[in-house]
Structure formats: structure tokens, C-alpha cells
Amino acid sequence: MAASDDLWLRSDVDFPSNGTLEERIRFLIGYAALAPSGHNTQPWSFATGPDWVDVLADRTRPLPVVDPHDRELAISCGAAVGIFEAAARRFCLETTVATSPDPEVLRSLVRITVTEGAQPDAGEIALFNAIKNRRTDRAPISWKTFRVT
Ligand SMILES: Cc1cc2nc3c(=O)[nH]c(=O)nc-3n(C[C@H](O)[C@H](O)[C@H](O)COP(=O)(O)O)c2cc1C
């Protein structure tokens, strides 16, 4: 794989600011694809239109032993949705998520509709910057890890 194909290495400055909304949406999908997923199965695919992206469950990538009901598969797709939304805000876009009425039939779990938006605030920029810094931490978890105030 060439370095330019590696989404972890893709430069944020290549975002097509002057492109169509669909071209921008397609760039943002490159961030969504960095989401965590059960056993790194990346069980999602995407379909776009002029102002939307459908997040589809790829049920050819199940984990039937540890995830017999595709629950974690759906959670993984949800992580991709959340990261898409965080990336959209960084580039001054707003998102609205609607669940699909019949995901079993349509495979589409949600449709994210995208509109022009305001500049991101500091918190939204920090969230965006976390997308490529995040990694799953498999260290032992202790109750001491969590501070409840
Ligand atoms: C729904 C879900 C379930 C996961 N379950 C486990 C798990 O049981 N054990 C584990 O070590 N990692 C688990 N992970 C983390 C994945 O293995 C990890 O996201 C994937 O290997 C990609 O690595 P990354 O998160 O560092 O990008 C899970 C992730 C998701 C989204």
C-alpha cells in the first residue's frame, strides 16, 4: 500500500474545501473509516448522494462466535458515524443522523445528512484532532481509572 493510500497518513490540508458537498462528504468518509471496530473487522461501507452519506452494515464481516447477533458490528458502525460527525464539524459542516426504518432489509443503518455550518469551536477542533491520535488501549482496567465526582 502506498503511503498516500493510508488514511492514517492522509493530510487534513487535502480536504477539498472548494469541492462539491458530495466531494467533501467523500473525503470525510476517510476519517470515519479510522473508527474502532470489533477485532478490527471494519464492518461498514458507505454510499453517498449530493448531501448525504448512508452508513451500511457489512454483514459479510460478522464475528459469529463473540458477536452472534451483530450487536458489536452495529456499535462499530456507530463509532464510524460519530467520527464522521466530528470530522464534519472541523470542516464547518453540520450533520443530522436519521436511523434507517428497516436496516435488516436496507443494510443501511443510518443516513447522515450534511449541511453548511459555522466555524468549529475549540472543543470541536480538539475532538477532531483526537481522531488520528486515538488507539484502543488494552491495558488492564481498574476502578481506580475512573474518577467519579
Ligand atoms: C464494538 C467493539 C468491540 C471491541 N471489543 C474488543 C475486545 O473485546 N477486546 C479488545 O482487546 N478490543 C476490542 N475492541 C477494540 C478493537 O479490537 C480495535 O478497535 C481494533 O483492533 C482497531 O484498533 P484501534 O482501535 O487501535 O484502531 C473492540 C472495538 C469495538 C468497536
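Residues numbered from 1 in each chain as written. Predicted model: local features only at pLDDT ≥ 70, side-chain atom pairs only at ≥ 80, totals over all residues. Heavy atoms only, no water.

As a packed pair, helix α1 (residues 21–32) and helix α2 (residues 71–90) sit with axes 8 Å apart at the nearest point and diverge in direction by 125°. The angle between the axes of α1 and α2 places the two elements in the oblique class. α1 and α2 meet at a crossing whose hand is right-handed. Counting all contacts with α1, which are made through Ile25, Leu28, Ile29, Tyr31 and Ala32, the residues of α2 involved are Ala80, Ile83, Phe84, Ala87 and Ala88. Here the contact of α1 with α2 is composed, by residue class, of ten nonpolar, no polar and no charged. (Axes fitted to C-alpha atoms, helices over the stretch in contact; angles between N-to-C directions. Helix = DSSP H or I, 4+ residues; strand = E, 2+ residues; numbered from the N terminus. Parallel < 35°, antiparallel > 145°, perpendicular 65-115°, else oblique. Left-handed = near helix turned anticlockwise from the far one by under 90°. Contact = heavy atoms within 4.5 Å. Nonpolar A, V, L, I, M, F, W, Y, C, P; charged D, E, K, R; others polar.)

So, on to α1. Taking 1.5 Å of rise per residue, twelve residues should cover 16 Å, and α1 covers 16 Å from first to last C-alpha, within 8% of that figure. The buried fraction of α1 amounts to nine of the twelve residues, a majority that puts the element mostly inside the structure. Among the residues of α1, Leu21, Arg24, Ile25, Phe27, Leu28, Ile29, Gly30, Tyr31 and Ala32 are the ones counted as buried. Looking at the packing, one finds that the buried side of α1 touches β1 (44–49), β2 (52–57), α2, β3 (93–99), β4 (108–116) and α4 (122–130). (Expected span 1.5 Å × (residues − 1). Buried < 20%, exposed > 50% of the residue type's maximum accessible area, 1.4 Å probe, protein only.)

Every residue near the ligand is listed here: Pro36, Ser37, Gly38, His39, Asn40, Glu72, Ile75, Ser76, Arg134, Arg135, Thr136 and Arg138. In this structure, an oxygen atom belonging to the ligand sits 2.4 Å away from a side-chain N or O atom of Thr136. Arg138 is positioned with one of its side-chain polar atoms (N or O) 2.8 Å from an oxygen atom of the ligand. With the chains in place, 67% of the 620 Å² that the ligand exposes on its own is no longer accessible. A breakdown of the residues in the shell around the ligand according to their chemical character gives two nonpolar, six polar and four charged. (Near = heavy atom within 4 Å. Polar contact = N/O pair within 3.5 Å; in protein donor to acceptor, adjacent residues only side chain to side chain. Areas by Shrake-Rupley, 256 points an atom, 1.4 Å probe, with all protein chains shown as cover.)

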